[in-house]
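Tertiary structure, described
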Amino acid sequence: MRNKLRLGLVTVALVGSTACSWFAAWQDPNVKPGEAAVAEKPTCRPKEMDARGAPPWKVGDTTPSGWKVAAVDVTNMEYIRVGFEKAGVSSTVEVAFNEAGAGDWSTDKYKLMPAPEQTPPEALLTDAMAQLKTFAAAETGAPFVKKLAAEQDPFFGLPPCP
């Protein structure tokens, strides 16, 4: 009796594994029995992956406390830097992608901080954050900064699609 049971289990296992590979190959005519289907890998990066909205500031804008926008650097997809001037003093802030949620110095998508080696006055930071919050609340298109991560982006490092 034990031998019949063992023989039966071995038979079921062999038939089952053969059937699985046969059905898998049957679903994709390009796959031969016993071979696994291989997913096609992308060869280019779709343009919509790099779609970017306009930042909330442009050169010439002025904050309520009198800081004038002197420069807006959008060369990096993960952050922008905005240079401000007032009475011969200049300072730069940075807005980066935010993963931590909204807070005093961030919205759900963006976080405001001093640019490297900068110490902006609190009035400038307060004005910039107010503008950023107003902008983020009304934003409907693509964000102006995005997190780029190779492990989450199947198109990372690929050339743009034609």
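Attention in this report is confined to the structure presented alongside it.

Rules used in this analysis
Residues numbered from 1 in each chain as written. Predicted model: local features only at pLDDT ≥ 70, side-chain atom pairs only at ≥ 80, totals over all residues. Heavy atoms only, no water. Pairing = 2+ DSSP bridges. Helix = DSSP H or I, 4+ residues; strand = E, 2+ residues; numbered from the N terminus. Axes fitted to C-alpha atoms, helices over the stretch in contact; angles between N-to-C directions. Contact = heavy atoms within 4.5 Å. Core = buried A, V, L, I, M, F, W, Y, C linked by side-chain atoms within 4.5 Å. Buried < 20%, exposed > 50% of the residue type's maximum accessible area, 1.4 Å probe, protein only.

A closer look at the sheet that holds strand S4 (residues 110-114)
Spatially, the four strands line up as an open sheet ordered S1-S2-S3-S4, and their pairing is antiparallel. Where the open sheet ends on each side, the last strands, each with one partner, are strand S1 (68-73) and S4. Averaged over all neighbouring strand pairs, the angle between strand axes comes to 25 degrees, with direction disregarded. Sheet topology note: the strand S2 (residues 79-86)/strand S3 (residues 89-97) ladder contains eight bridges and is antiparallel. Within S3, the residue paired with Lys86 across the bridge is Val89. Strands in contact with helix H2 (residues 122-138) are S2, S3 and S4; relative to S4, the strand with the most contacts, it is inclined by about 165 degrees.

Some remarks on the nonpolar core
If you look at the biggest cluster of nonpolar residues, it comprises 18 residues, and the most contacted ones within it are Trp57, Phe84, Val95, Leu112 and Leu132. Taken together, the elements giving at least two residues each to this core come down to S2, S3, S4 and H2. The element contributing the most residues to this core is H2, with six residues. Dropping the residues within four chain positions of it, Trp57 is found in contact with Val69, Val72, Ile80, Val82, Phe84, Val95, Ala128, Gln131 and Leu132.

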